[in-house]
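A closer look at the structure
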Amino acid sequence: MNEKQKMTICLWFDNQGEEAANFYTSIFKNSSIGSISRYGKEGFEFHGMPEGTALVVSFKLNDMNFSALNGGPRFKFNESMSIVVSCDTQEEIDHYWNSLTADGGQESQCGWLKDKYGISWQIIPSILGSLMSDPTKASRVTMAFMQMKKMDIETLKNA
C-alpha cells in the first residue's frame, strides 16, 4: 500500500533552495525533484527575489518528503536541528560523509557534519543503537565514537 506522507521537512534557504535540492538528490538513492514554484514580479517590493527564482522546491530523499523555501537571509541553519542518516555499511557512511562535506562542508564530532549550505547531518551506523543498549559494551562504544569524526563501524564493533 502506497500511503501519502503527511509530513514534510521544510528547509529555509536564502536563495540556494533549488541548487541544494539538486545537490541532495544527486547524493541519495530513491530521490527526486518534484514541483517547483517560482517568484513572479508581483510582490517584489516585499520579497526582493528576481522573477523566476525558485520559491519552493519539493523533493524527496530516500522517499522522505522535503521542501526548500527560498525565503531570504532572515534565518540561518544551526545544530539544533539535524537530519539523521542511518547506514548499514561503511561504504554508505563513507559515501554520505564524503559527499556532504565536499565543497565547503565541515566535519564535526561523533558522526555530525554540516554541509556547504549549513544543514547539520548525523551519519551514523544502523547498529549504533544495539551497541549502545548492550550494557557490557555501551561505555566502550561511547568512548570509541567520542574520539571519531566520521563513524567507523569496525572500530565500534570491536570496542
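Please refer to the structure higher up on the page.
Residues numbered from 1 in each chain as written. Predicted model: local features only at pLDDT ≥ 70, side-chain atom pairs only at ≥ 80, totals over all residues. Heavy atoms only, no water.

1. Let's talk about the overall build of the protein chain
Quick reminder of the rule: By definition, any uninterrupted DSSP run of H or I lasting at least four residues is a helix, any uninterrupted run of E lasting at least two residues is a strand, and each is numbered from the N terminus. Accessible area is worked out with a 1.4 Å probe on protein chains only. A residue is then buried under 20% of its type maximum, exposed over 50%, and partly exposed in between. Residues are treated as being in contact if the distance between any of their heavy atoms lies within 4.5 Å. Computed with the Shrake-Rupley method and a 1.4 Å probe, the accessible areas treat only the protein chains shown as cover for residues. A positive count includes Lys and Arg, and a negative count includes Asp and Glu. His and the chain ends are not counted in either. For charged residues, the charge sits on one atom: NZ in Lys, CZ in Arg, CG in Asp, CD in Glu.
Scanning the protein chain from N- to C-terminus turns up six helices and eight strands. Listed by position from the N terminus, the elements making up the protein chain come as β-α-β-α-β-β-β-α-β-β-β-α-α-α. Along the three orthogonal principal directions, the C-alpha set of the protein chain runs to about 65 × 40 × 25 Å. Put simply, the protein chain has 159 residues, and 36% of those count as buried. Within the protein chain, contacts between residues at least 6 apart in sequence are counted, and of these 60% link residues at least 24 apart. Carbon and sulfur atoms make up 52% of the accessible area of the protein chain, which amounts to about 9400 Å² in all. For the protein chain, the separation between the mean place of its 15 positive charges and that of its 19 negative charges on side chains is 3 Å.

2. Regarding the sheet that holds strand β2 (residues 32-38)
How we decide: Strands are labelled as partners when DSSP assigns at least two bridges between them. In this description, a line fitted to the C-alpha atoms serves as the axis of each element, helices being fitted only across the stretch in contact, and the angle between N-to-C directions of two axes falls anywhere from 0 to 180 degrees.
Reading across the sheet, the four strands line up as β1-β4-β3-β2 and stay open at both edges, with mixed pairing between neighbours. Of all strands in the sheet, those bounded by a partner on one side alone are β1 (9-13) and β2. Averaged over all adjacent pairs, the angle separating strand axes in this sheet is 20°, with direction ignored. Bridging between β2 and strand β3 (residues 54-61) involves five bridges; their strand directions are antiparallel.

3. Details of the nonpolar core
A general trend in soluble globular proteins is that nonpolar side chains are found buried together. Short version of the rule: By nonpolar core we mean a set of buried residues, namely Ala, Val, Leu, Ile, Met, Phe, Trp, Tyr and Cys, connected to one another through side-chain atoms within 4.5 Å.
Grouped together as the largest cluster of nonpolar side chains are 37 residues, with contacts concentrated most on Y24, L100, W121, I123 and L156. Excluding its chain neighbours within four sequence positions, the residues that come into contact with I123 are V85, C87, I93, Y96, W97, L100, G111, L113 and M151.

4. Things to note about the pattern of salt bridges
Here is the rule: Salt bridges are identified by distance alone: a Lys or Arg side-chain nitrogen within 4 Å of an Asp or Glu carboxyl oxygen.
Evaluation of the coordinates by the stated rule reveals five salt bridges. Notably, a salt bridge pairs R38 with E18, separated by 2.9 Å at the nearest N-O pair. Placement of R38 in strand β2 and of E18 in helix α1 (residues 17-27) is noted, with a sequence separation of 20 residues between them. D103 is the partner of K116 in a salt bridge, and the nearest nitrogen-oxygen pair spans 4.0 Å. Residue K116 is located in the loop between β7 (112-114) and β8 (120-125), and its partner D103 is located in the loop between α3 (90-101) and β6 (106-107); the two are separated by 13 residues in the primary sequence.

5. Description of the packing of aromatic side chains
To keep it simple, the criterion reads: Each aromatic pair joins two rings of Phe, Tyr and Trp (for Trp, the six-membered one) with centres within 6.5 Å, and gets the label stacked for planes under 30 degrees apart, edge-to-face for over 60, and tilted for any other angle. Criterion for a charge above a ring: Arg CZ or Lys NZ at most 6 Å from the ring centre, at most 35 degrees from the ring normal.
Under the criterion given, the structure shown has 11 aromatic pairs. For the ring pair W12 and F75, a centre distance of 4.8 Å and an interplane angle of 90° mean the geometry is edge-to-face. Taken together, the positions of W12 in strand β1 and F75 in the loop between β4 (64-70) and β5 (82-87) put the pair 63 residues apart, joining distant regions of the chain. Seen in terms of ring centroids, F13 and F77 are 5.2 Å apart; in terms of plane orientation they differ by 70°. Their pairing is edge-to-face. Residue F13 is located in strand β1, and its partner F77 is located in the loop between β4 and β5; the two are separated by 64 residues in the primary sequence. By relative accessible area, F77 is classed as partly exposed at 23%. Aromatic rings pair up to connect F13, F23, Y24, F28, F59, F66, F77, Y96, Y117 and W121 into one cluster. A cation sits over an aromatic face here: K116 above F23, 4.3 Å from the ring centre.

6. Section: the side chain of T101
Rule in force here: Any pair of nitrogen or oxygen atoms within 3.5 Å is treated as a polar contact; in protein, a donor-acceptor pairing is required on top of that, and neighbouring residues in sequence qualify only through side-chain atoms on both sides.
Within the fold, T101 resides in helix α3. Among the polar contacts made by the side chain of T101, one reaches the main-chain carbonyl oxygen of W97 at a distance of 2.7 Å. When sequence neighbours within four positions are dropped, the list of residues in contact with T101 reads Q106, E107 and L113.

Any link to function would need more than the numbers given here.
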